[in-house]
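Residues per chain, in single letters:
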Amino acid sequence: MGAGNTVKVMCDRKGWRVEVAHAGGVRRYRYGSESQARYFAAVFELGPSVLPPKNHARRRREPRLALPNEVSFGEAWLHE
């Protein structure tokens, strides 16, 4: 990395992302919070010699199964 790189922090409906534009193209990274995105944007601004690989894993689209709502033996007296 060197001079001429631009780093942008953006928020969209999916969360926070950082775009790093360099001579080889643009890399996009997603983060769960604004503080994580701003931290890594600062790291990318320093100009690391190698960018981390993109994570191509897909997130689950279907809703997660609900936890069973069973009353344990110790808390049964609370529901009486």
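For every chain, the first residue of the written sequence is number 1, and numbering continues from 1 along that sequence. The model is predicted, so local features are restricted to residues of pLDDT at least 70 and side-chain atom pairs to those at 80 or more, both for listing and for counting; the totals for chains, interfaces and linings are taken over all residues. To get the side-chain values, all heavy atoms of the structure are used, and hydrogens and water are removed first.

**Student:** What am I meant to see in the side chain of Glu19 here?
**Tutor:** Secondary structure counts use DSSP, requiring at least four H or I residues in a row for a helix and at least two E residues in a row for a strand, with both numbered from the N terminus. On the secondary structure map, Glu19 appears in strand 2 (residues 15–22). Only protein chains enter the accessibility calculation, which uses a 1.4 Å probe; a residue whose area is less than 20% of its type maximum is buried, one above 50% is exposed, and one in between is partly exposed. Accessibility expressed as a relative area gives 13% for Glu19, which makes it buried. A 3.5 Å cut-off defines polar contacts: any pair of N or O atoms within that distance qualifies, except that in protein one atom must be a possible hydrogen donor and the other a possible acceptor, and neighbouring residues in sequence count only when both atoms are side-chain atoms. A distance of 3.1 Å separates a polar atom in the side chain of Glu19 from a polar atom in the side chain of Arg28. Residue contacts are defined here by distance: any two heavy atoms, one from each residue, within 4.5 Å place the two residues in contact. Other than its neighbours up to four places away in sequence, Glu19 contacts Thr6, Val7, Lys8, Met10, Val26, Arg27 and Arg28.

**Student:** Could you clarify how one ought to interpret the pairing of strand 1 (residues 6–12) in this entry?
**Tutor:** Successive side chains on a regular strand alternate, one facing one side of the sheet and the next facing the other. Two elements, strand 1 and strand 2, share seven bridges in a ladder whose sense is antiparallel. Each bridged residue has a counterpart across the sheet, and for Cys11 the counterpart in strand 2 is Trp16. For two strands to pair, DSSP has to find at least two bridges joining them. If you look at the hairpin formed by strand 1 and strand 2, you'll find two residues sitting between the two strands.

**Student:** What's the story with the environment of Ala37 in this structure? I'm lost.
**Tutor:** Looking at where Ala37 falls in the secondary structure, it is placed in helix 1 (residues 34–45). Counting along the chain gives 18 residues from Ala37 to Glu19, while the straight-line C-alpha distance between them is 10.0 Å. In this structure, Ala37 is in contact with Val9, Trp16, Val18 and Tyr31, ignoring residues within four places of it in sequence.

By themselves, these figures tell us nothing about what the structure is for.
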